[in-house]
Amino acid sequence: MTKSELIEVLARKQNHLPYKDVEDAVKALLEQMSEALSAGERIEIRGFGSFSLHFRPPRLGRNPKTGDSVPLDGKYVPHFKPGKELRERVNASRGRSSG
Amino acid sequence: MALTKADMAERLFTKLGLNKGEAKELVESFFEEIRTALQHGEQVKLSGFGNFDLRDKNQRPGRNPKTGQEIPITARRVVTFRPGQKLKARVDTFDGQQEPE
């Protein structure tokens, strides 16, 4: 399912809302989630999961073309931990369909 | 302070002018439709944000960390999140000033 398919499903189910409102809302939600993470803030959605930042320490990388080693700065990467309901629902569907 | 569904509904109310009931319902449905797709074995790709992928794991040996007793970890299907380029780039510049909890 892509973002536009998600918008379509939501627009069909929330049929009291114009399509444009649903589209703007989905974009606003994803933007707000990205903003929160970019500011180092966690996201906690019960039954879905939580997003947080994990620190990756500085390391020596390599230029794949020349083989020279290059020092890389430490950085933060987004991390998602699925919540209980999501874990259980996904696992219950195992074997019935394939990803 | 973590971002919650209530904060997200509030933003739809203040920024987009949805009424509070609609905003709350839309936030709820947003996460529910993602869960439903994943439950049906479908990958979810939200461009600019990231992809929720499914992985089937085989059974592997595990241990009860309290008793040390060996118990197999059963085969299971799990969700993984792969952040998109845009989100990675935005988060990468986080300076660690506000310590992530």
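Enquirer: Account for the packing of helix H1 (residues 3-13) of chain A against helix H2 (residues 19-38) of chain A, naming residues and giving values.
Expert: Residue and element names in this part refer to chain A. Between H1 and H2, whose axes approach to 9 Å, the crossing angle comes to 130 degrees. As far as their axial angle goes, H2 and H1 are oblique. Helix-helix and strand crossings are classified by hand; for H1 and H2 the assignment is right-handed. Along the contact surface, H1 presents Lys3, Ile7, Glu8, Leu10 and Ala11, while H2 presents Tyr19, Val22, Glu23, Val26 and Leu30. Its residues assigned to classes, the contact of H1 with H2 shows 7 nonpolar, no polar and 3 charged.

Enquirer: An account of the confidence of the model for chain B is requested, with residue identities and associated values reported.
Expert: Here chain B averages 93 in pLDDT, while 95% of its residues score no lower than 70. No element of chain B has a lower mean pLDDT than strand E4 (residues 70-73) of chain B, which averages 92, and none a higher one than strand E1 (residues 44-46) of chain B, which averages 98.

Enquirer: Just give me the short version of the sheet that holds strand E2 (residues 50-57) of chain B, but keep the residues and values in it.
Expert: Spatially, E1-E2-E5 (chain B) is the arrangement adopted by the 3 strands of the open sheet, whose pairing is antiparallel. Every interior strand has two partners, whereas the edge strands, E1 and strand E5 (76-83) of chain B, have only one. For this sheet, the mean angle separating the axes of adjacent strands, direction not counted, is 25 degrees. Where E1 of chain B and E2 of chain B come together, 3 bridges link them in antiparallel fashion. Among the inter-strand pairings, Lys45 of chain B is bridged to a residue of E2 of chain B, identified as Asn51 of chain B. Running at roughly 125 degrees to E5 of chain B, helix H3 (residues 84-92) of chain A makes contact with E2 and E5 of chain B of the sheet.

Enquirer: Can you lay out the nonpolar core for me, pointing to particular residues and giving the numbers?
Expert: If you look at the biggest cluster of nonpolar residues, it comprises 47 residues, and the most contacted ones within it are Met33 and Phe51 of chain A together with Phe30 and Phe52 of chain B. If you tally residues by element for this core, the top one is H2 of chain A, at 9 residues. Among residues more than four places away in sequence, those in contact with Met33 of chain A are Ile43 and Phe51 of chain A together with Leu3, Met8, Phe30, Phe31 and Phe49 of chain B.

Enquirer: Kindly report on the sheet that holds strand E1 (residues 43-45) of chain A, identifying the contributing residues and their values.
Expert: With antiparallel pairing, 3 strands are arranged side by side in an open sheet as E1-E2-E5 (chain A). Edge positions in the sheet fall to E1 and strand E5 (75-82) of chain A, since each has one partner strand and no second. In this sheet, neighbouring strand axes are inclined to one another by 30 degrees on average, regardless of whether the strands run parallel or antiparallel. In this structure, strand E2 (residues 49-56) of chain A lies alongside E5 of chain A, joined through 8 bridges in antiparallel fashion. Bridge pairing links Phe51 of chain A to Phe80 of chain A in E5 of chain A. Docked against the sheet, H2 of chain A engages E1, E2 and E5 of chain A, running at close to 35 degrees with respect to E2 of chain A. On top of the sheet, helix H3 (residues 85-92) of chain B reaches E2 and E5 of chain A; it is set at about 125 degrees to E5 of chain A, its chief contact.

Enquirer: So, the environment of Leu53 of chain A: which residues are in play, and what are the values?
Expert: Residues and elements named next belong to chain A. Mapped onto the fold, Leu53 is located in strand E2. Leu53 gets classed as buried once you look at its relative accessible area, which sits at 9%. Sequence separation between Leu53 and Pro78 is 25 residues, and the spatial gap between their C-alpha atoms is 4.6 Å.

What counts, and at which threshold
- Residues numbered from 1 in each chain as written.
- Chains lettered and ligands numbered in written order.
- Predicted model: local features only at pLDDT ≥ 70, side-chain atom pairs only at ≥ 80, totals over all residues.
- Heavy atoms only, no water.
- Axes fitted to C-alpha atoms, helices over the stretch in contact; angles between N-to-C directions.
- Helix = DSSP H or I, 4+ residues; strand = E, 2+ residues; numbered from the N terminus.
- Parallel < 35°, antiparallel > 145°, perpendicular 65-115°, else oblique.
- Left-handed = near helix turned anticlockwise from the far one by under 90°.
- Contact = heavy atoms within 4.5 Å.
- Nonpolar A, V, L, I, M, F, W, Y, C, P; charged D, E, K, R; others polar.
- pLDDT = per-residue confidence, 0-100.
- Pairing = 2+ DSSP bridges.
- Core = buried A, V, L, I, M, F, W, Y, C linked by side-chain atoms within 4.5 Å.
- Buried < 20%, exposed > 50% of the residue type's maximum accessible area, 1.4 Å probe, protein only.

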